[in-house]
Amino acid sequence: MMGYWREDSWVWTIIRANEVLGAEAFTEFEELIVLLYDIQLVANTADVIIWPVDRMNRFTVKSCYDMLLQDPGAAVLEEGRKVGLNTIWRATVPSKLKIFGWRLMQDRLPTRKQLKRRGIIEQNQDVSCVFCPLQVEDLFHLLLLCPKLHRLSSRIYLWMELDFQISEDCCSHLLVFINSLSGKMPSNRAGAIWLTIYRSIWKVDVGVFPENSVTFGCIFKDHTGEILFSACKKESMNVDLLLAEMLTIRWSLSLAKEFRVERLVV
């Protein structure tokens, strides 16, 4: 029982709560009662949900964000990571790509190391990189150090006439990339290019399998963005990552020809 009415006032109580709750839940219940102690309910009045942080008493993500920033116990981001995240949110890319970038910066993508930490991969299962089984598959290794994926990213950088540099983490790598394009384009555009590159590399990682096989996939959309059709197939072959990308494009073009797609943007 949470409480009772005494005349015109509501009295909070924790009577018998310890009999139905476990020790941890009862401790949390006591803390809740402390928070509610000075709050008085009003009889014969419908409940109304309000958000006291906002002057209009309405919840907004911005007001919640501002409240968290004002919390003295809130985690403080390193300056470099803060700049990297701000660059991602200002990038002129779809929201799903920004979310990918945020997860990348916060190490929230499902690498084998993360999956094992969350209990999805069992303790006795291998967490080595699927391409070079000499190191644990974490984001830093997968996107920056893996020799096979590094060949792909290096070719992309070479095509852009840039030097590929190993940084201490993904956030620093983004900032180095943006600085290398300083004076050539604004940072939000450079951030968009960086996100596109590493989203593509991440898709290569989840699309090429170690059992000498590769999966092709493509999606065709009209000028409004509506999906017309999609297709995928798995082939048994042992190919280089870059060649796998080229084969996927060739297969997609053959499908476009088969379905008589007259105008195509790759």
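Residues numbered from 1 in each chain as written. Predicted model: local features only at pLDDT ≥ 70, side-chain atom pairs only at ≥ 80, totals over all residues. Heavy atoms only, no water.

> Explain the overall build of the protein to me, please; I cannot follow it from the model alone.
Assigned secondary structure in the protein consists of eleven helices and five strands. Taken across its 266 residues, the protein has 32% of its residues classed as buried. When contacts within the protein are restricted to residue pairs at least 6 apart in sequence, long-range pairs at least 24 apart make up 45% of them. (Helix = DSSP H or I, 4+ residues; strand = E, 2+ residues; numbered from the N terminus. Buried < 20%, exposed > 50% of the residue type's maximum accessible area, 1.4 Å probe, protein only. Contact = heavy atoms within 4.5 Å.)

> Explanation requested: the pattern of salt bridges in the structure shown.
Oppositely charged side chains can pair when the atoms bearing their charge come close. Across all of its chains, the model carries one salt bridge by this definition. A salt bridge links lysine 62 to aspartate 66; the nearest nitrogen and oxygen atoms lie 3.0 Å apart. With lysine 62 and aspartate 66 both in helix α3 (residues 61-70) and four residues apart, the pair spans about one turn of that helix. Since its relative accessible area comes to 27%, aspartate 66 is described here as partly exposed. (Salt bridge = Lys/Arg side-chain N within 4 Å of Asp/Glu carboxyl O.)

> Looking at this structure, how should I read the nonpolar core?
Looking at soluble globular proteins, one finds that nonpolar side chains tend to be buried together. Counting 39 residues, the largest nonpolar core has Leu104, Phe177, Trp194 and Tyr198 as the members making the most contacts within it. If you list the elements that add at least two residues to this core, you get α4 (79-90), α5 (95-105), α7 (139-145), α8 (147-159), α9 (170-180) and α10 (187-207). It is α10 that provides the largest number of residues to this core, a total of eight residues. Setting aside chain neighbours within four positions, we find tryptophan 194 in contact with Leu104, Met105, Tyr157, Cys170, His173, Leu174 and Phe177. Within the second largest apolar cluster, five residues are counted, among which are Phe220, Trp251, Leu255 and Ala256. (Core = buried A, V, L, I, M, F, W, Y, C linked by side-chain atoms within 4.5 Å.)

> Would you take a moment to explain the confidence of the model for the protein for this structure?
In regions of low pLDDT, the predicted coordinates are not meant to be interpreted in detail. On average, residues of the protein carry a pLDDT of 77, and 79% of them reach 70 or more. Confidence, read as mean pLDDT per element, is least for strand β3 (residues 208-209) in the protein (46) and greatest for α9 (88). Across residues 206-210, confidence stays below pLDDT 50; counting only partners more than four residues off in sequence or on other chains, it has ten contacts. (pLDDT = per-residue confidence, 0-100.)

> Is there a simple way to think about α4 in this case?
Residues that lie three or four places apart on an α-helix share one face, since the helix turns once every 3.6 residues. Between its first and last C-alpha atoms α4 spans 17 Å; for twelve residues at 1.5 Å apiece the expected length is 16 Å, and the two agree. Within α4, the full set of buried residues consists of Gly84, Leu85, Thr87 and Ile88. For α4, the arc enclosing every buried residue in end-on projection is 155 degrees, short of the 170-degree limit, so these residues lie on one face. (Expected span 1.5 Å × (residues − 1). Arc of directions from axis to C-beta.)

> I would appreciate a short explanation of a positive patch on the surface in the present structure.
A cluster of basic side chains, namely Lys96, Arg103, Arg108, Lys113, Arg117, Arg118, Arg199, Lys203 and Lys221, defines a positive patch on the protein surface. Of all the elements in the fold, those that place two or more residues in the positive patch are α5, α6 (112-117) and α10. Mapped onto the elements of the fold, lysine 221 is located in strand β4 (residues 213-221). Its relative accessible area of 47% is what places lysine 221 among the partly exposed residues. (Patch = residues over 30% accessible without salt bridge, like charges linked within 9 Å, V, L, I, M, F, W, Y side chains within 5 Å. Areas by Shrake-Rupley, 256 points an atom, 1.4 Å probe, with all protein chains shown as cover. Lys, Arg positive; Asp, Glu negative; His and termini not counted. Charge placed at Lys NZ, Arg CZ, Asp CG, Glu CD.)

> Would you explain a nonpolar patch on the surface in this entry?
On the surface, a nonpolar cluster with roughly 270 Å² of combined accessible area is contributed by Trp5, Ile39 and Leu41. Secondary-structure assignment places isoleucine 39 in the loop between α2 (23-36) and α3.

> Hey, could you run me through the packing of aromatic side chains in this one?
Here a ring pair, both rings aromatic, is described through the centre-centre distance and the interplanar angle of the planes. For the structure on display, the rule yields four aromatic pairs. Ring centres 5.6 Å apart and planes at 70 degrees place the aromatic pair tyrosine 157 and phenylalanine 177 in the edge-to-face group. Residue tyrosine 157 is found in helix α8, and its partner phenylalanine 177 is found in helix α9; the two are separated by 20 residues along the sequence. Just as tyrosine 157 is buried, phenylalanine 177 falls in that class too. Ring plane angle 40 degrees and centroid distance 4.9 Å describe the contact between tryptophan 194 and tyrosine 198, whose orientation is recorded as tilted. Taken together, the residues span about one helical turn, with tryptophan 194 and tyrosine 198 both in helix α10 at a distance of four residues. For the pair tryptophan 194 and tyrosine 198, a shared accessibility class is recorded, and that class is buried. Aromatic rings pair up to connect Tyr157, Phe164 and Phe177 into one cluster. (Phe/Tyr/Trp six-rings, centres within 6.5 Å; stacked < 30°, edge-to-face > 60°.)

> Help me out: how do you make sense of unusual backbone geometry in this one?
Apart from glycine, the bulk of residues carry a negative phi angle, and the bulk of peptide bonds sit in the trans form. Here asparagine 57, not a glycine, exhibits a phi torsion of approximately 60 degrees, which is positive. Mapping asparagine 57 onto the fold places it in the loop between α2 and α3. Of note in this structure, aspartate 107 is not a glycine but carries a positive phi near 55 degrees. Residue placement: aspartate 107 occurs in the loop between α5 and α6.

> Mind showing me how you'd approach the packing of α4 against α9 here?
Helix-helix packing: each pair is described by the crossing angle between the helix axes and the interaxial distance. Taken N-terminus to C-terminus, the directions of α4 and α9 make an angle of 65 degrees; their axes are 9 Å apart at the nearest point. Here α4 runs over α9; the crossing is left-handed. Counted together, Gly80, Arg81, Val83, Gly84, Thr87 and Ile88 of α4 and Cys171, Leu174, Leu175 and Ile178 of α9 form the full contact between these two elements. When its residues are assigned to classes, the contact of α4 with α9 shows six nonpolar, three polar and one charged. (Axes fitted to C-alpha atoms, helices over the stretch in contact; angles between N-to-C directions. Left-handed = near helix turned anticlockwise from the far one by under 90°. Nonpolar A, V, L, I, M, F, W, Y, C, P; charged D, E, K, R; others polar.)

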